[in-house]
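# Structural description and commentary
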Number of protein chains: 2
Amino acid sequence: MPETAAESRREELLRIAAGLFAEKGFKNTTVRDIADAAGILSGSLYHHFDSKESMVDEILVRFQTELFGRYDEILASDLDARTKIEQAVRLSFETIDRRGPEVAIFQNDAGYLGNFDRFAYLADRNAQSRQVWMTLLTEGIEAGVVRKDLDIQLVYRFIRDTVWVAVRWYRPGGDLTPDHVADQYLAILLEGITHG
Amino acid sequence: MPETAAESRREELLRIAAGLFAEKGFKNTTVRDIADAAGILSGSLYHHFDSKESMVDEILVRFQTELFGRYDEILASDLDARTKIEQAVRLSFETIDRRGPEVAIFQNDAGYLGNFDRFAYLADRNAQSRQVWMTLLTEGIEAGVVRKDLDIQLVYRFIRDTVWVAVRWYRPGGDLTPDHVADQYLAILLEGITHG
DNA sequence: CTGGTAACCAAACAAGTGCTTGGTAGGCTA
DNA sequence: TAGCCTACCAAGCACTTGTTTGGTTACCAG
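This write-up is about the structure you can find in this document. Note that the structure is a prediction, hence the values are computed from the model and not measured. (Residues numbered from 1 in each chain as written. Chains lettered and ligands numbered in written order. Predicted model: local features only at pLDDT ≥ 70, side-chain atom pairs only at ≥ 80, totals over all residues. Heavy atoms only, no water.)

## Here's the deal with the pattern of salt bridges
Any two side chains of opposite charge can pair, so long as their charged atoms come close to each other. Applied cut-off: One speaks of a salt bridge when a side-chain nitrogen belonging to Lys or Arg is within 4 Å of a carboxyl oxygen belonging to Asp or Glu. The buried label goes to any residue with under 20% of its type's maximum accessible area, the exposed label to any with over 50%, and the partly exposed label to all in between, with areas taken from a 1.4 Å probe on protein chains only. Labels follow the DSSP assignment, with helices taken as runs of H or I lasting at least four residues and strands as runs of E lasting at least two, numbered in each case from the N terminus.
All told, the structure shown has 32 salt bridges over all chains when counted by the stated rule. In this structure, A:Asp149 engages A:Arg147 in a salt bridge whose closest nitrogen and oxygen atoms are separated by 2.9 Å. Residue classification places A:Arg147 among the buried positions, given a relative accessible area of 14%. Residue B:Glu12 pairs with B:Arg9 through a salt bridge whose shortest N-O separation is 3.2 Å. Of this pair, B:Glu12 and B:Arg9 both sit in helix α1 (residues 9-24), separated by three residues, roughly a single helical turn. For B:Glu12, a relative accessible area of 6% translates into the label buried.

And the structure:
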């Protein structure tokens with residue numbers, strides 16, 4: 001049942017939990033659901049983890065560390081403004097393809113989890129994401145490739161919503177590749193927010 | 001506490017429940033939450049409603065009847081293809097403005113509720129929404145206003161995601177009007193999916 | 001053979017869940 | 001005055017929830 005031979009039992013449990021959290025939501029997934037899917041009793045989960053919260057915490061922290069590392073690479077690169085926006089969009093759809101459960105958890109449960117002190121970093125990451133995109137769009141305007149007659153705050157929200165909510169319908173291994181989806185969205189977006 | 005003087009107690013309870021369902025999700029809202037917000041005990045809710053499910057059922061059926069009635073008006077009108085698409089987009093943002101809780105419930109809980117036979121109509125309404133948009137986009141292509149080099153299925157998903165997920169951040173009575181938001185999105189969308 | 005460790009079981013706990021039951025208070029109508 | 005109706009309370013029930021505790025099994029290094 002391990003995805004890879006070297007995967008420890010703990011990693012396997014985290015992967016199982018992530019799948020269930022993504023599918024049914026964090027609050028609606030019981031520790032008995034997770035244990036059943038792993039073929040053990042619910043109490044046995046507490047040999048590996050402190051609590052249900054600890055599981056989703058570990059899942060989200062790892063994921064966001066990776067994701068924002070990639071954002072930073074794009075920001076720090078010497079690509080032109082238009083290509084940076086393109087890369088950021090492609091990164092989103094690739095992430096949905098490879099880390100679907102984590103994206104879904106962040107999309108669906110960040111609001112609920114954000115109520116707890118322990119998950120305060122979720123709001124920080126949200127602000128960071130906004131900062132990344134505002135930088136990209138501003139650079140685009142300064143470079144003269146992005147229209148300046150648009151409300152840039154709204155443009156950010158539209159892009160963020162479209163690229164991340166795709167996790168609701170995108171299925172890895174299906175007919176659509178992340179590249180094809182990104183191509184199509186960029187065809188609409190770039191013709192829309194750039195002139196010429 | 002009634003929104004209008006003529007509002008019956010029953011209507012008031014439904015409105016309170018809708019607000020809580022939208023904010024915390026259907027499953028995460030307890031009958032005690034609803035009763036507390038209404039200033040009564042949880043058991044007293046069962047004088048007005050059969051079950052918690054009945055409440056969300058009534059909320060969703062009413063909402064969808066109204067919404068799809070409006071879609072049908074647009075489809076049946078003699079407006080040109082481009083204007084019909086424009087109206088459909090405006091309808092979404094206006095609906096988020098006036099019926100925010102209902103939109104949020106449909107967006108967040110349709111997946112979970114759809115597991116029960118009682119809510120099978122949710123999937124039907126989803127298919128109906130898809131049909132409406134595919135008709136609008138196809139008419140647009142036939143009229144020569146919409147580009148035909150795009151994957152029309154993906155275009156539909158992008159539009160649907162963006163216009164409805166806006167319920168997550170749009171706040172009625174704030175700085176943004178539904179018309180302004182619609183203007184901005186249409187500025188991006190139409191320049192992107194139409195030629196000329 | 002010994003000791004230690006990782007993984008798990010079996011059973012229970014307190015808190016919270018949707019819902020039921022029998023009753024009560026106040027107003028309207030005949 | 002009597003009967004009925006709407007709206008609610010008070011108390012509880014059966015079930016589910018996350019978590020705890022003490023014990024068991026298989027394996028591996030010395």
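## A closer look at the side chain of A:Lys84
Residue and element names in this part refer to chain A. The condition is simple: Working rule for contacts: check all heavy atoms of both residues, and any pair within 4.5 Å makes them a contact.
On the secondary structure map, Lys-84 appears in helix α4 (residues 81-98). Looking at Lys-84, the relative accessible area reads 6%, which means it is buried. The residues contacting Lys-84, other than those within four sequence positions of it, are Ile-74, Leu-75, Ser-77, Leu-79, Leu-136 and Glu-139.

## Considerations on the protein's contact with DNA strand C
Selection rule: Throughout this document, a residue counts as near a molecule or strand when at least one of its heavy atoms sits within 4 Å of that molecule or strand. In the analysis that follows, any N or O atom pair within 3.5 Å is treated as a polar contact, provided that within protein one partner can donate a hydrogen and the other can accept it, and provided that, for residues neighboring in sequence, both atoms belong to side chains. Each residue gets one label: Ala, Val, Leu, Ile, Met, Phe, Trp, Tyr, Cys and Pro are nonpolar, Asp, Glu, Lys and Arg are charged, and the others, such as Gly, are polar.
Of all residues adjacent to DNA strand C, which total 17 residues, the nearest are A:Arg9, A:Leu41, B:Thr30, B:Tyr46 and B:Lys52. Measuring from a base nitrogen of DNA strand C, one finds a side-chain N or O atom of B:Arg32 at 3.0 Å. Of the residues assigned to the surface near DNA strand C, the class counts are four nonpolar, nine polar and four charged.

## Observations regarding α1(B)
Residues and elements named next belong to chain B. The following threshold applies: For a helix, the expected span equals 1.5 Å multiplied by the residue count minus one.
Taking 1.5 Å per residue as the helical rise, α1 with its 16 residues ought to reach 22 Å, and the 23 Å between its terminal C-alpha atoms agrees with that figure. What α1 keeps buried is the set Glu-12, Leu-13, Leu-14, Ile-16, Ala-17, Ala-18, Leu-20, Phe-21 and Ala-22. In the core, the buried residues of α1 are packed alongside α2 (31-38), α3 (52-76) and α5 (100-113). Positive phi shows up at Gly-25, right after α1, with a value of about 95°.

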